[in-house]
Amino acid sequence: METKIFKKENLDDAVELLAKGELVAFPTETVYGLGAIATKEQSVKNVYAAKGRPSDNPLIVTVANEQMMAKYAKEVPDRAKKLIKAFWPGPLTILLYVKPGALPDAVTGGLPTVAFRCPDDQLTHDLIGRLGYPIVGPSANTSTKPSPTTAMHVYHDLKGKIAGIIDGGATRVGLESTIIDLSVEQPIVLRPGEITPEQLSSVLGEKVLINTGKVSDKDIPKAPGMKYRHYAPSAPVVIVDNPEDFKKINYSEKTGVMALETVLEQLSIPTENKFSLGQDLTAADHNLFGGLRYFDEMPEIEQIFVQGFDEGETSLAYMNRLSKAAAGHHYRNNN
Ligand code: TXA
Ligand code: MG
């Protein structure tokens, strides 16, 4: 299958492909998503196949607005209304009970809940608006690889497997949306993202729990996707928590380093073995997945050292993704 690249002028061609049941990747403010009409069972199944994704890992449903969501949710509780008013369109995914029979089981993995997301991206809104149906929107990467933050990343992973990619340039945030579960008694963040638990809590006027992934309590539900190996380049990743430690590492042509510009400046290693995360944590969020992909394209690299950040709530999302990529390996424990 030829994978076509669309610009915003050709959006109608992308709409036509989706309407026929084909798969088309689309930009959002977080990462690129892999779209298919959410009510077409076969198309949804093809999404799992194209990504190589286990079928028990449910898909996000991408909607244009609250009205569209209400057609597929069993009910829209007040908490959801508050969050939608404050954060949609934006990088917040809301888990609610699904309206029975409204969506194929393939979307929800057979769960009684469904995850709704309304991205802050005009192209995607136009797309869904013209289509008239919600589209599923898992990240448009091969399962286990870092999420794509450019159309080229999507092309790299899925060329020949999907009908098209809408190129909207590099995504703004670079890490996937915050997921909050509102199907339970106490709201809980299942996946940290740009919107912090503190922001959610202040809008809701109540405590919001955080699923750290470390809780052993079986009653606390988790996003099924969080249990799989994730974001992982082929070479092992090691987190360096203290920037001073970058000076102590024994580098060779086989090691890659991802750190802030100020840290990289002090290291005398070849430029191709360095990947700059930028000037600050926001830039690092934006660049993390691109950096992991950069070194994945260099077969000679056998180990990647990546800067960690300990900045409380604002670094939760970054550290969550990095910890998964590193399978928990930190420099201080390791060497
Ligand atoms: O920013 C994002 O959310 C991106 C863009 C493309 O919208 N999408 C994204 O989708 O990250 P995905 O499929 O890569 O991650 C969605 C996560 C998975 O971990 C999945 O297990 C979880 O959401 N999830 C989806 N439906 C769920 C449900 N009903 N219950 C619990 N977790 C669910
Ligand atoms: Mg994903």
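For clarity, every value in this text was computed on a predicted model and none was experimentally measured.

**Comments concerning the UniProt feature "domain: YrdC-like" (unreviewed entry) in the chain**
Link 1 in the chain: Per the UniProt record, "domain: YrdC-like" (unreviewed entry) is annotated on residues 8-195.
Link 2 in the chain: End C-alpha to end C-alpha, residues 8-195 measures 28 Å, and it is 30% helix and 18% strand.

**Overview of the pairing of strand β15 (residues 303-307)**
Link 1 in the chain: Buried residues dominate β15, accounting for four of its five residues.
Link 2 in the chain: Both strand β12 (residues 237-240) and β15 contribute to a ladder of four bridges, which runs parallel. The partner of Val240 across the bridge, within β15, is Gln307.

**Side note on the nonpolar core**
Link 1 in the chain: Grouped together as the largest cluster of nonpolar side chains are 65 residues, with contacts concentrated most on Ile94 and Phe116.
Link 2 in the chain: Looking at this core, the element that brings in the most residues is helix α1 (residues 11-19), giving five residues.
Link 3 in the chain: Contacts of Phe116, omitting those with residues within four sequence positions, involve Val61, Val63, Met69, Tyr72, Ala73, Trp88, Leu92, Thr93, Ile94 and Leu96.
Link 4 in the chain: Membership of the second largest hydrophobic core comes to 27 residues, among which are Ile239, Leu260, Phe295 and Met298.

**A look at the pattern of salt bridges**
Link 1 in the chain: Considering all chains together, one arrives at 11 salt bridges under this definition.
Link 2 in the chain: In this structure, the salt-bridge partner of Asp12 is Arg130, at a minimum N-O distance of 2.7 Å. One end of the pair, Asp12, is in helix α1; the other, Arg130, is in helix α6 (residues 122-131), with 118 residues separating them in the sequence.
Link 3 in the chain: A salt bridge links Arg79 to Glu206, with the shortest nitrogen-to-oxygen separation between them at 2.8 Å. Taken together, the residues Arg79 in helix α4 (residues 78-87) and Glu206 in the loop between α8 (197-204) and β11 (209-210) connect sequence positions 127 residues apart.

**Some details on the side chain of Thr255**
Link 1 in the chain: Along the polypeptide, Thr255 turns up in strand β13 (residues 255-259).
Link 2 in the chain: Given a relative accessible area of 7%, Thr255 falls into the buried group.
Link 3 in the chain: At a separation of 2.9 Å, a polar atom in the side chain of Thr255 contacts the main-chain carbonyl oxygen of Ser252.
Link 4 in the chain: When near neighbours in sequence (up to four residues on either side) are disregarded, Thr255 contacts Asn273, Ile301, Gln303 and Phe305.

**Quick word on the UniProt feature "binding site: L-threonine" (unreviewed entry) in the chain**
Link 1 in the chain: Under the UniProt annotation, "binding site: L-threonine" (unreviewed entry) lies at Thr30, Arg117 and Ser177. A maximum C-alpha distance of 11.2 Å is found for the annotated residues, which run over 148 residues; spatially they form one tight group.
Link 2 in the chain: Within the element layout of this structure, Arg117 appears in strand β6 (residues 113-117).
Link 3 in the chain: Separated by 3.0 Å, the side chains of Arg117 and Thr28 make a polar contact.

**With respect to unusual backbone geometry**
Link 1 in the chain: Look at the link from Trp88 to Pro89: it is a cis peptide, with omega at -10°.
Link 2 in the chain: Position of Pro89 among the secondary structure elements: in the loop between α4 and β5 (92-97).
Link 3 in the chain: If you check the backbone angles, Thr144 has positive phi at about 80° while not being a glycine.
Link 4 in the chain: Turning to its location among the elements, Thr144 is positioned in the loop between β7 (135-136) and α7 (151-158).
Link 5 in the chain: Of note, the phi angle at Ala327 is positive, near 45°, even though the residue is not glycine.
Link 6 in the chain: Along the chain, the position of Ala327 falls in the loop between α11 (316-325) and α12 (331-334).

**Things to note about the packing of aromatic side chains**
Link 1 in the chain: Under the definition given, this model contains five aromatic pairs.
Link 2 in the chain: Taking 6.4 Å as the distance between ring centres and 85° as the angle between the ring planes, the aromatic pair formed by Tyr251 and Phe305 counts as edge-to-face. Separated by 54 residues along the polypeptide, Tyr251 in the loop between β12 and β13 and Phe305 in strand β15 bring together distant segments of the chain.
Link 3 in the chain: A relative accessible area of 22% means that Tyr251 is categorised as partly exposed.
Link 4 in the chain: For Phe305, a relative accessible area of 3% translates into the label buried.
Link 5 in the chain: Taking 5.1 Å as the distance between ring centres and 80° as the angle between the ring planes, the aromatic pair formed by Phe309 and Tyr318 counts as edge-to-face.
Link 6 in the chain: A relative accessible area of 0% places Tyr318 in the buried class.
Link 7 in the chain: One aromatic cluster in this structure is built from Tyr251, Phe305 and Tyr331.

**A look at the packing of α4 against α8**
To characterise two packed helices, one gives the angle between the axes of the helices and the distance between these axes.
Link 1 in the chain: Put simply, α4 and α8 touch, their axes get as near as 9 Å, and they point 120° apart. Here α8 runs oblique to α4, going by the angle between their axes. Handedness of the α4/α8 crossing: right-handed. Of α8, the residues touching α4 (which contributes Arg79, Lys82, Leu83, Ala86 and Phe87) are Gln199, Leu200, Val203 and Leu204.

What counts, and at which threshold
Residues numbered from 1 in each chain as written. Chains lettered and ligands numbered in written order. Predicted model: local features only at pLDDT ≥ 70, side-chain atom pairs only at ≥ 80, totals over all residues. Heavy atoms only, no water. UniProt positions renumbered as here; feature names shortened; annotations may be inferred. Helix = DSSP H or I, 4+ residues; strand = E, 2+ residues; numbered from the N terminus. Buried < 20%, exposed > 50% of the residue type's maximum accessible area, 1.4 Å probe, protein only. Pairing = 2+ DSSP bridges. Core = buried A, V, L, I, M, F, W, Y, C linked by side-chain atoms within 4.5 Å. Contact = heavy atoms within 4.5 Å. Salt bridge = Lys/Arg side-chain N within 4 Å of Asp/Glu carboxyl O. Polar contact = N/O pair within 3.5 Å; in protein donor to acceptor, adjacent residues only side chain to side chain. Phe/Tyr/Trp six-rings, centres within 6.5 Å; stacked < 30°, edge-to-face > 60°. Axes fitted to C-alpha atoms, helices over the stretch in contact; angles between N-to-C directions. Parallel < 35°, antiparallel > 145°, perpendicular 65-115°, else oblique. Left-handed = near helix turned anticlockwise from the far one by under 90°.

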